[in-house]
Amino acid sequence: MLHRDIQGLTRQEAARRLESTGPNALPGSEPKSMLRIALGVLTEPMFLMLLAAGGIYLVLGDMAEALFLLSSVVAIIALTLVQERKSQRALEALRELSAPRALVVRDGVEERIASREVVPGDLLVLREGDRVPADALLLQGQLQADESMLTGESAPLLRLPGEEEQPIGEPGSEGSPFVFASTVVTKGVGLARVRATGPRTAVGRIGVALASTTLVDSDLQRGSRRIVRALAAGGLAVAAGLVLLAWLWDGRPLLESALLGIALAMAILPEEIPVVLTVFLALGAWRLSHQKVLARRVQAVEALGGITVLAVDKTGTLTQNRMQVAELRVASTAWRNGAGDVLPESFHELAEFAMLATPADPFDPMEKAIRTFVRTHLGGTEHVHDAWAPEQAYELSPDILAMTHVFPAKVAQRHLLACKGAPEAVADLCHLDADGRAGLQREVQGMAELGLRVLAVARGEWRGAHWPASQHDFTFHLLGLVGLADPPRPEVPAAVAACRRAGIRVIMMTGDHPATAHAIARQVGLSDRADVLTGAQLAAMDEAALVQRLRDVEICARLAPEQKLRLVRALQAGGERVGMTGDGVNDAPALKAAHVGIAMGERGTDVAREAAAIVLLDDSFASITQAISQGRHIDDNIRTAVRFVFAIHVPVIALALVPTLMHWPLLLLPAQVVLFELIIDPACSVVFEAEPAAAGLMERAPRPVGASPFEWTNVGDGLVQGLGMAAIVMAGCAAIVAQQWPGADVRTTSFLALVGGVFLLVPANRVSWRGSGLPRIRNRWLALLVLAVAGMLALVLGLPWMRQVMGFALPSGAIAAAVSLMVAAIAAWLGALRWWRLGRADYQHRHG
């Protein structure tokens, strides 16, 4: 019962404070304008390259290719606008967690007001099921509150009255007098004085952290920007130099010189790269969606394949975020709950009285778990009393952390007592002697080390006409202990083991107790070591010490929300590529700051889902390993496609540049470049994207931190392939030019040799071809591409007007022979390179 001797604010004072402190709303950030977002996309070098290529095609009159490239830019801008709006929704979802209405006392009268109108000093009336509107100090009554969204701890926490002048504490402390905004009252009623509102609350500070946290670019994004900037600047400079060289030094007409420069610019600018990245990532995200994994930012699909550390929240990620009875103990005999296990007769009385001491329709998750357990194991027996209703109830109090239900017995003035509560409180009610208390404490400690929340259960009888004032006046007999836990998800142990095989460290980050965290870590195979980093230890460390400490620790417990964010940043500072999983509001800033944030879709909060880059729609931890495998597969295929692009562009550049230096006829016209792109584009975006995954994809270590498909080792391999091809084609062209072949014949020969080189480069760079023998065609798109190109060449070379537009000649026996020799030489070159690479890889494997 609440006493109204505590005064609330007057309406006038509340209005003054509202004007002074501002509304009780969570922080937002100014959204970018649509124009600002669009300009940001257009200034990206990759999209500038797309615009430049589209402009060149417009100048040439090739409307189809120009419209394709320019429409890609429009589509990408539209997607970016949508993603930016989604990131703003993260903060909007956080704001919606505040209770829409609050019950306050103003001018001595209870009234419902909008949550945003609550001010510091307001007197809140809180009841079971209420969402707390602001951080407040409990003055009267007794509550249990679910703070899992702030702390990660599944079990509700007891809240007892405190003094007005008491400084505000932090979430997660048992017996604290403070309740916190956006948490839920699971039991009890109370009066509380508001201490903090809006951004000054615990959940508000999370909102501030989320608004100030910036997304981390992936290695792929950084690498593509660097390479595109270099190619764009270098390509345009070289192309302009070639125009001047051809016009002033070689004496060619200005129009012909301009065509040479355009052809060279188109040859140098690999516009296939944005196509490759867009198609590969989009199709990868589409494939993951069929595995119940939603990629909110498609770049995260590839980035996930490169993570070196997976930081996981315990509650709701490793565990099911629901309490269940895990163990019963009677007289030092333990029974552990397992699927299909029959409850022995000796434990029936303990289970029966635990349920009798529980409300019929509880809100508390532990009481729900007790009722579910008893109905499952004793349903339909004489131990379940659905028709019974307590005649009297004694609730938890600051003095006695236990509750008792009193039921009428069949004999007049006799009553049956069912009691449950904290073991030390029930031991006191049972009047155990010192030895009995010590024995009980040992049992409780053993269960606590398993990560269990422990309740003691007792029974008793009362004979009398009047109810005593306190439970202490009853006589009880201890029945035993009930251990409850948030059980691990069944798929987690296998998924953790898969991460280990893939070279990925798994680190638990939780606000829960170290003993509980260690018990769950042991059950899922994450760690057997007793070493745990606590929030208090973390707070005492500087950044350098924390980075070093995280190299040797796998369990972090008793963490405040902002400490999860600090841990993610410390891991990143230590050179790790971090994936972070979580489902609570307390996880949101860390999810956003990680290289890849992964949220639970079913049980996760809106805030966590909106802050994350990837959402597991089925909440299955095993889906993470599937997504990592898909990310590695995409990275492999992007590397292959990039290597192919750079390899094929080298001979194209040579065909555009060498004729001017050697005073040859034009060998590559812009129209031929367009035709050649129609072959290269599907080879990159379709054939390589559909390549099967390499064997042992999840058995190898993650790629080095900072590595990208555009690193020198990958691009250099492509350039070496291309230089050899260019040398062979140029040597062949030099031979036939020396024989004074017509320019159309030379162009036809060089073009067909290049096409043949494309179909040799594709298998030479395939990820799935690991042997030294001939590759097996497991990619149906490659066979379809060969047929399509053959048909296209038949049309271009067979129709006279097409031959004239392209500057080709009708192939002759001499042309066929020359092309065959060049293609054979290219095959020998690529085969020798592959043999050398395989030998080098084998040597590195054997010698570490």
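This structure is a prediction, so every number in the text was calculated from the model and none was measured.

Undergrad: Quick rundown of the overall build of the protein? Include the residues and the values.
TA: Within the protein, the regular secondary structure consists of 29 helices and 22 strands. Here the protein holds 848 residues, and the buried ones make up 55% of them. For the protein, contacts bridging at least 24 residues in sequence account for 72% of all contacts bridging at least 6. Summed over its atoms, the accessible surface of the protein is roughly 34900 Å², and 60% of this surface lies on carbon and sulfur atoms.

Undergrad: Report on the environment of Leu416, specifying residues and quantitative values.
TA: Note that Leu416 resides in strand β14 (residues 414-421). Relative accessible area serves as the criterion here: at 13%, Leu416 is assigned to the buried category. Taking the C-alpha atoms as reference, Leu416 lies 9.2 Å from Arg463; in sequence the two are 47 residues apart. In this structure Leu416 touches Phe353, Trp388, His405, Val406, Phe407, Arg459 and Gly460, once residues within four positions along its chain are discounted.

Undergrad: Hey, could you go over the nonpolar core for me, with residue numbers and the actual values?
TA: Within the largest apolar cluster, 106 residues are counted, with the highest numbers of intra-cluster contacts made by Leu310, Leu526, Phe621, Phe644 and Phe676. For this core, the leading source of residues is helix α23 (residues 622-662), giving 18 residues. Residues within four places of Phe621 in sequence aside, it is in contact with Leu310, Val312, Thr317, Leu318, Glu491, Val492, Ala495 and Val496. Of all hydrophobic cores here, the second largest spans 46 residues; its members include Val203, Val553, Leu567 and Ala588.

Undergrad: Just give me the short version of the pairing of strand β11 (residues 333-336), but keep the residues and values in it.
TA: Inspection of the sheet shows strand β10 (residues 324-330) paired to β11 by four bridges, in the antiparallel sense. Bridge pairing links Arg329 to Ala334 in β11. Hairpin connection between β10 and β11: a loop of two residues separates the two successive antiparallel strands, and Ala331 in this loop has a positive phi of roughly 50 degrees.

Undergrad: Lay out α23 in plain terms, naming residues and giving numbers.
TA: Between its terminal C-alpha atoms α23 stretches 61 Å, which fits the 60 Å expected from 41 residues at 1.5 Å a residue. A large share of α23 lies buried, amounting to 34 of its 41 residues.

Undergrad: Explain the sheet that holds strand β16 (residues 475-485) to me, and be specific about the residues and the numbers.
TA: Spatial strand order, β11-β10-β16-β15-β14-β13-β12: seven strands in an open sheet with antiparallel pairing. Of all strands in the sheet, those with a lone pairing partner are β11 and β12 (392-394), marking the two edges. Adjacent strand axes in the sheet meet at a mean angle of 20 degrees, parallel and antiparallel pairs treated alike. Looking at chain direction, strand β15 (residues 453-463) and β16 are connected through nine bridges and run antiparallel. The residue bridging Gly460 from the neighbouring strand is Phe476, located in β16. Seen against the sheet, helix α12 (residues 348-356) touches β10, β13 (402-408), β14, β15 and β16 and runs at an angle of roughly 90 degrees to β16.

Undergrad: Explain the pairing of β14 residue by residue, including any values.
TA: The buried count for β14 comes to seven of eight residues, which makes it a mostly enclosed element. Of the strand pairs in this sheet, β14 and β15 are connected by eight bridges, and their pairing is antiparallel. Its bridge partner lying in β15, Lys420 is registered against Val457.

Undergrad: Hey, could you go over the pattern of salt bridges for me, with residue numbers and the actual values?
TA: Per the stated rule, a full pass over the model turns up 27 salt bridges. Linking Lys564 and Asp313 is a salt bridge whose minimum nitrogen-to-oxygen distance equals 3.0 Å. One end of the pair, Lys564, is in helix α20 (residues 561-573); the other, Asp313, is in strand β9 (residues 309-313), with 251 residues separating them in the sequence. Each of the two residues, Lys564 as well as Asp313, counts as buried. When the shortest N-O distance is used, the salt bridge between Arg489 and Asp619 registers 3.8 Å. Highlighted residues: Arg489 in the loop between β16 and α16 (492-501) and Asp619 in the loop between β22 (614-616) and α23, separated in sequence by 130 residues.

Undergrad: Any chance you could break down the sheet that holds strand β18 (residues 533-534) for me, citing the residues and the numbers?
TA: Two strands in a sheet stick together by hydrogen bonds in their backbones, pointing the same way (parallel) or opposite ways (antiparallel). Here eight strands make up an open sheet; going across it, the order is β8-β22-β21-β20-β9-β17-β19-β18 and the pairing mixed. In this open sheet, the two edge strands, each paired with only one partner strand, are β8 (293-295) and β18. As paired strands, β9 and strand β20 (residues 578-582) are joined by four bridges and run parallel to one another. Bridge pairing links Leu310 to Gly579 in β20. Relative to the sheet, helix α17 (residues 514-523) contacts β17 (505-509), β18 and β19 (555-557), its axis offset from that of β19 by approximately 150 degrees.

Undergrad: How would you sum up the packing of aromatic side chains? Please name residues and give values.
TA: For any pair of aromatic rings, the description consists of the separation of the ring centres together with the inter-plane angle of the planes. All chains considered together, the criterion is met by seven aromatic pairs. When the centroid spacing of 5.7 Å and the interplanar angle of 45 degrees are considered together, the rings of Trp388 and Phe407 count as tilted. One end of the pair, Trp388, is in the loop between α13 (365-378) and β12; the other, Phe407, is in strand β13, with 19 residues separating them in the sequence. Taking the centre distance of 5.0 Å and the plane angle of 50 degrees together, the rings of Phe751 and Phe808 count as tilted. Taken together, the positions of Phe751 in helix α26 (residues 743-764) and Phe808 in the loop between α28 (800-806) and α29 (813-846) put the pair 57 residues apart, joining distant regions of the chain. Comparing Phe751 with Phe808, the two get one shared label, buried. Through a chain of ring-to-ring contacts, the aromatic side chains of Tyr394, Trp462, Phe474 and Phe476 assemble into a single cluster.

Undergrad: Tell me what's going on with the environment of Val705, and back it up with residues and numbers.
TA: Tracing the backbone through its elements, the reader meets Val705 in the loop between α24 (670-688) and α25 (712-738). Judged by relative accessible area, Val705 falls into the partly exposed class, the value being 48%. The spatial distance from the C-alpha of Val705 to the C-alpha of Glu576 is 6.9 Å, given a sequence separation of 129 residues.

Undergrad: Outline the packing of α12 against α13, supporting the account with residue identities and numerical values.
TA: In contact at an axis separation of 9 Å, α12 and α13 are set at 135 degrees when each is read in the N-to-C sense. As summarised for this structure, α12 and α13 are arranged oblique, according to the angle between their axes. Crossing handedness for the pair α12 and α13: left-handed. Contacts from His348, Ala351, Glu352, Ala354 and Met355 of α12 reach α13 at Ile370, Arg371, Phe373, Val374, Arg375 and Leu378. For the contact of α12 with α13, the class distribution of residues is seven nonpolar, one polar and three charged.

Undergrad: Provide a residue-level description of the state of the cysteines, including the pertinent values.
TA: Linking two cysteines covalently via their sulfur atoms produces the bond known as a disulfide. Scanning the entire structure with this criterion turns up zero disulfides. Not engaged in a disulfide, the cysteine Cys430 finds its nearest cysteine sulfur in Cys419; these two sulfurs lie 6.8 Å apart.

Undergrad: Describe the packing of α25 against α26, naming the residues involved and giving the relevant values.
TA: Here α25 crosses α26 at 155 degrees, and the two axes come no closer than 10 Å. Classified by the interaxial angle, the pair formed by α25 and α26 is roughly antiparallel. Taken as a pair, α25 and α26 cross one another with a handedness that is right-handed. Contacts between α25 and α26 involve Gln721, Met725, Val729, Cys733, Ile736 and Val737 from the first element and Val746, Thr749, Ser750, Ala753, Gly757 and Leu761 from the second. Looking at the contact of α25 with α26 residue by residue, the classes come out as eight nonpolar, four polar and no charged.

Undergrad: Go over the side chain of Arg159 with me, naming the residues and quoting the values.
TA: Along the chain, the position of Arg159 falls in strand β5 (residues 157-159). Only 2.8 Å separates the side chain of Arg159 from the side chain of Glu147, close enough to count as a polar contact. Within the structure, the side chain of Arg159 is placed 2.5 Å from the backbone oxygen of Ser173, a separation counted as a polar contact.

Undergrad: Can you tell me about the confidence of the model for the protein, naming the residues and giving the values?
TA: Overall, the prediction assigns the protein a mean pLDDT of 81, with 80% of residues at 70 or greater. Mean pLDDT across the elements of the protein bottoms out in helix α4 (residues 63-96) (56) and peaks in α12 (96).

Undergrad: Tell me about the environment of Ala311, and name the residues and values.
TA: For Ala311, the location among the structural elements is in strand β9. Sequence separation between Ala311 and Ile555 is 244 residues, and the spatial gap between their C-alpha atoms is 9.6 Å. Aside from chain neighbours lying at most four places away, what touches Ala311 is Ile507, Met509, Gly579, Met580 and Thr581.

Definitions and cut-offs
- Residues numbered from 1 in each chain as written.
- Predicted model: local features only at pLDDT ≥ 70, side-chain atom pairs only at ≥ 80, totals over all residues.
- Heavy atoms only, no water.
- Helix = DSSP H or I, 4+ residues; strand = E, 2+ residues; numbered from the N terminus.
- Buried < 20%, exposed > 50% of the residue type's maximum accessible area, 1.4 Å probe, protein only.
- Contact = heavy atoms within 4.5 Å.
- Areas by Shrake-Rupley, 256 points an atom, 1.4 Å probe, with all protein chains shown as cover.
- Core = buried A, V, L, I, M, F, W, Y, C linked by side-chain atoms within 4.5 Å.
- Pairing = 2+ DSSP bridges.
- Expected span 1.5 Å × (residues − 1).
- Axes fitted to C-alpha atoms, helices over the stretch in contact; angles between N-to-C directions.
- Salt bridge = Lys/Arg side-chain N within 4 Å of Asp/Glu carboxyl O.
- Phe/Tyr/Trp six-rings, centres within 6.5 Å; stacked < 30°, edge-to-face > 60°.
- Parallel < 35°, antiparallel > 145°, perpendicular 65-115°, else oblique.
- Left-handed = near helix turned anticlockwise from the far one by under 90°.
- Nonpolar A, V, L, I, M, F, W, Y, C, P; charged D, E, K, R; others polar.
- Disulfide = S-S within 2.5 Å.
- Polar contact = N/O pair within 3.5 Å; in protein donor to acceptor, adjacent residues only side chain to side chain.
- pLDDT = per-residue confidence, 0-100.

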